[in-house]
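A closer look at the structure
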Amino acid sequence: MISDYDLTGGDRLPPQNIEAEEEILGGILLDPDALVRVAEFLRPEMFYISAHQEIYRAALQLHSQGQPTDLMTVSAWLADHHLLERVGGTGAIRRLLEQTVSSVNIDQYARLVMDKYMRRQLIQVSNTLARLAYDTSQPLSQVMDQAEQQVFGLTQERVQRSLIPASEVLVNIFSDLEEKFQSGAQLPGIPTKFIDLDNLTQGLQRSDLLILAGRPSMGKTSLALNIAQNVAAYAKQPVAIFSLEMSREQLVQRLLASEARIDSSRLRSGRISEHEWQRLGQAIGFLSQLPLFIDDTPDCTVTEIRSKARRLQAEQGGTLGMVLIDYLQLMQGSAADNRVQELSRITRGLKAMAKELMVPVLVLSQLSRAVESRSDKRPQLADLRESGCLAGDTQVMDADRGKIWRLDQLAALPAAAELPRLLSLNGRGRLVPQQPVKVFRSGHQPTCLLKTRLNFSIRATGNHPFLTPDGWKTLDELQLEEEVAVVVQEGLIWDPVVFISEPGEPQPVYDVEMPRHHNFVANGLLVHNSIEQDADLVMMIYRPEYYDPNTSDRGIAEVIIAKHRNGPTGTVRLLFESQYTQFRNLADPNR
């Protein structure tokens, strides 16, 4: 007789559904498109049988590389990774395929498997809670805290609804508008308290991904911290700061120097004058009351940041005002991709996090050294690291009508709705028509001429990515005789590079923002989007005195809104006091 308090289940097997697991894997082998329907919520560890975990993991990996998930491809992948015998050999995989009639019910089977997995997790957490309760050596408060963490971690496994009725969205929008009207709010977003910046952006919009970029010593970290402090102080909403470069002590010292208006170098060394101690005490008191939370774990992934931000949001009663990440190039991807492709995955993940948590995500980014080679040092979109552009005479084809367009012609069209569908490589390795979100001019840049053996050629900036057998590589990384993907009669083949010129004179350059697959065919070659294409707002910092100490604009910083998906672009001027690491309004706040 099993006791009601026996959490191990005695001789009972853990909850599982082997038949549903087999139907899922057979469906994926039978119909590779079926994987898309379950990949969003079904993870390898949810399978009860370890062999099933390995097969599903192989299918996910192949799918992410744009390869089919049929019997031969999955078997070959497992064999290459010395896993084929562990799953029972090709015969075991073939049996999964042979016993499956259709993939039509794969969604229902996946939810059955997930249900059993969640029950197994619940049993595991229950056992952990029981052990914690019996451990009387720990204080009760510590036991309760650990128990809450265990249960919270389990609840985060639940899948969020992907589709909700428009009527529900309209009710939420109306409630939000009514609340803003009653409170007299003048901005639809969260105010940064930089007046001209708020006027241009209408505040920080929830679910937006914002990139703040600049060359070293421009002050991008200081501006981001000033914005974070203002959100915490004036909007009174919690702010999560993830610093992958500086320690939490360094960040707080910057905040302290800015708030107390004490020279940051003297504050770090402890050289504080007697009359400054009162200001320092007041600043410490003020900052200690703000809901600012700092994590200085290096090499964070999007998954780790999302998990920590979600936990903080839950701990703060479901409220989170902003997530700040310093900085993009130090983030780690979840797969061993080429760095260009990896950063593209990271920015897509950050945008998804912003939408999931309904919070503005502000990410700092470096700019390339191309800025230094121009007479006008003001940054442009093309200066974003791992971001590239193409010459205006680059040709793309209307996939529906066969008409050839130049990028400069598409950029001149009055509305995005008039843009033709272009060929794009989907996740299954097929070229499909897809309409661009936007074609835009992104400044003047030196370009290089690339030619292939089959006489394909294109002019691009050195940091524009091209598809190779080893993944996406920038033009700067390509070597002679290295193969790139070209399109011949609507099929992809590999064509060796035979010529790459030195960078020429700066000329107008353009980029295409493609949804979902983030690539397109240009001059017959397959090229990738830039990293900024996932961002809703791109801001860049420029300080004239950094390049010209004798300028009349000493102490002035320009915040250039280079991309604004939902509003105008333009330039905002702020006062920057470098000794205090503080940005301030130039405008009269009472105007």
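Everything that follows concerns the structure shown earlier in this document.
Residues numbered from 1 in each chain as written. Predicted model: local features only at pLDDT ≥ 70, side-chain atom pairs only at ≥ 80, totals over all residues. Heavy atoms only, no water.

**Quick look at the overall build of the protein chain**
Using the following cut-off: In this text, helices come from DSSP runs of H or I with a minimum length of four residues, and strands from runs of E with a minimum of two, each type numbered from the N-terminal end. Exposure is judged per residue with a 1.4 Å probe applied to protein chains only, and the accessible area is read against the type maximum: over 50% gives exposed, under 20% gives buried, and values in between give partly exposed. Two residues form a contact once any of their heavy atoms are found within 4.5 Å. Here the open area of atoms and residues is found with the Shrake-Rupley method and a 1.4 Å probe, where only the protein chains shown may cover a residue.
Per the secondary structure count, the protein chain includes 17 helices and 24 strands. For the protein chain, the residues scored as buried account for 48% of the 591 residues in total. Expressed as a percentage of contacts within the protein chain between residues at least 6 apart in sequence, the contacts between residues at least 24 apart total 66%. Carbon and sulfur atoms provide 50% of the accessible area of the protein chain, an area that totals close to 29,200 Å².

**Thoughts on the packing of aromatic side chains**
Given two aromatic rings, their pairing is described by the distance between the two centres and the angle made by the two planes. Stated precisely, the cut-off is as follows: For Phe, Tyr and Trp, where Trp contributes only its six-membered ring, two rings pair if their centres lie within 6.5 Å, and the inter-plane angle classes them as stacked under 30 degrees, edge-to-face over 60, or tilted in between. Here, a charge over a ring means that NZ of Lys or CZ of Arg falls within 6 Å of the ring centre while also lying within 35 degrees of the ring normal.
The full count for this structure, using the stated rule, is four aromatic pairs. On the basis of an interplanar angle of 40° and a centroid distance of 5.0 Å, the ring pair of Phe47 and Tyr56 is categorised as tilted. Comparing Phe47 with Tyr56, the two get one shared label, buried. The structure contains a cluster of three or more aromatic residues connected by ring pairs, namely Tyr542, Tyr546 and Tyr547. Across the ring face of Tyr234, the terminal group of Lys193 is positioned such that the distance to the ring centre comes to 5.3 Å.

**Here's the deal with helix α14 (residues 302-315)**
To keep things clear, this is the line we draw: For a helix, the expected span equals 1.5 Å multiplied by the number of residues minus one. Think of it as the arc spanned by the lines of direction from the helix axis to the C-beta atoms.
With 14 residues, α14 should reach 20 Å at 1.5 Å per residue; the first-to-last C-alpha distance of 20 Å fits that figure. Among the residues of α14, those classed as buried are Val302, Ile305, Arg306, Ala309, Arg310, Leu312 and Gln313. End-on view of α14: buried residues confined to an arc of 160°, all on one side of the axis.

**Observations regarding the packing of helix α3 (residues 50-64) against helix α4 (residues 71-80)**
Rules: A fitted line through C-alpha atoms serves as each axis, taken over the contacting stretch for helices, and the angle formed by two N-to-C directions is quoted from 0 to 180°. The labels follow the angle: roughly parallel below 35 degrees, roughly antiparallel above 145, roughly perpendicular from 65 to 115, and oblique for the rest. Residues are grouped as follows: Ala, Val, Leu, Ile, Met, Phe, Trp, Tyr, Cys and Pro are nonpolar; Asp, Glu, Lys and Arg are charged; every other residue, Gly included, is polar.
At a closest axis distance of 10 Å, the pairing of α3 and α4 adopts a crossing angle of 105°. Classed by the angle they form, the pair α3 and α4 counts as roughly perpendicular. Of α4, the residues touching α3 (which contributes Glu54, Ile55, Ala58, Gln61 and Leu62) are Thr73, Val74, Trp77 and Leu78. Counted by class, the contact of α3 with α4 contains six nonpolar, two polar and one charged residues.

**Brief notes about the packing of helix α11 (residues 248-260) against helix α13 (residues 276-288)**
Condition: Note: crossing handedness is left-handed where the near helix turns anticlockwise from the far helix by less than a right angle, and right-handed where it turns clockwise.
Between α11 and α13, whose axes approach to 9 Å, the crossing angle comes to 120°. Judged by the inter-axis angle, α11 sits oblique to α13. Considering the relative orientation of α11 and α13, their crossing is right-handed. Across the interface between the two elements, Leu255, Leu256, Glu259 and Ala260 from α11 touch Arg279, Leu280, Ala283, Ile284, Phe286 and Leu287 from α13. Partitioning the contact of α11 with α13 into residue classes produces eight nonpolar, no polar and two charged.

**Here we look at unusual backbone geometry**
Each neighbour pair has its own omega, and for Asp326 with Tyr327 the value is 5°, a cis peptide bond. Tracing the chain through its elements places Tyr327 in the loop between β4 (322-326) and α15 (339-357). One non-glycine residue, Gln202, adopts positive backbone phi at about 60°. By the secondary structure assignment, Gln202 is in the loop between α9 (195-201) and β1 (209-214). When its relative accessible area of 32% is taken as the criterion, Gln202 is described as partly exposed. Although it is not a glycine, Asn523 adopts a positive phi angle of roughly 50°. Within the fold, Asn523 resides in the loop between β19 (519-522) and β20 (525-528). When its relative accessible area of 23% is taken as the criterion, Asn523 is described as partly exposed.

**Description of the sheet that holds strand β21 (residues 537-542)**
Sheets are built from strands that pair by backbone hydrogen bonding, the pairs being arranged parallel or antiparallel. To keep it simple, the criterion reads: What makes two strands pair is DSSP finding at least two bridges between them.
One open sheet accounts for nine strands, arranged β3-β2-β4-β5-β1-β21-β22-β23-β24; its pairing is mixed. Single-partner strands in this sheet number two, and they are β3 (292-295) and β24 (582-585). Taking each pair of neighbouring strands and ignoring which way they run, the sheet shows an average axis angle of 25°. Relative to β3, strand β2 (residues 239-243) runs parallel, the two being bridged by four bridges.

**Re empty space enclosed by the protein**
To find leftover empty space, one rolls a probe the size of a water molecule over the atoms. Rules: A pocket, in this scheme, is an open set of points on a 1 Å grid over the protein atoms alone with protein on both sides within 12 Å along at least 5 of 7 lines, while a cavity is a set where a 1.4 Å probe fits but cannot get out; residues line either one if an atom lies within 4 Å of a point. Grid points are joined across faces, edges and corners, and a volume is the space filled by probe spheres set on the points.
Under the counting rule described, the total for this entry stands at two cavities of 30 Å³ or more. In this structure, the largest cavity is lined by Thr201, Gly203, Leu204, Gln205, Asp208, Leu210, Asp536, Leu537 and His564. Among the residues making up the lining of the largest cavity, the classes are represented as three nonpolar, four polar and two charged. What the second largest cavity holds in volume is close to 30 Å³. Lining the second largest cavity, in full, are Arg215, Met218, Leu367, Val371, Lys377, Pro379, Ile541, Tyr542 and Tyr547.

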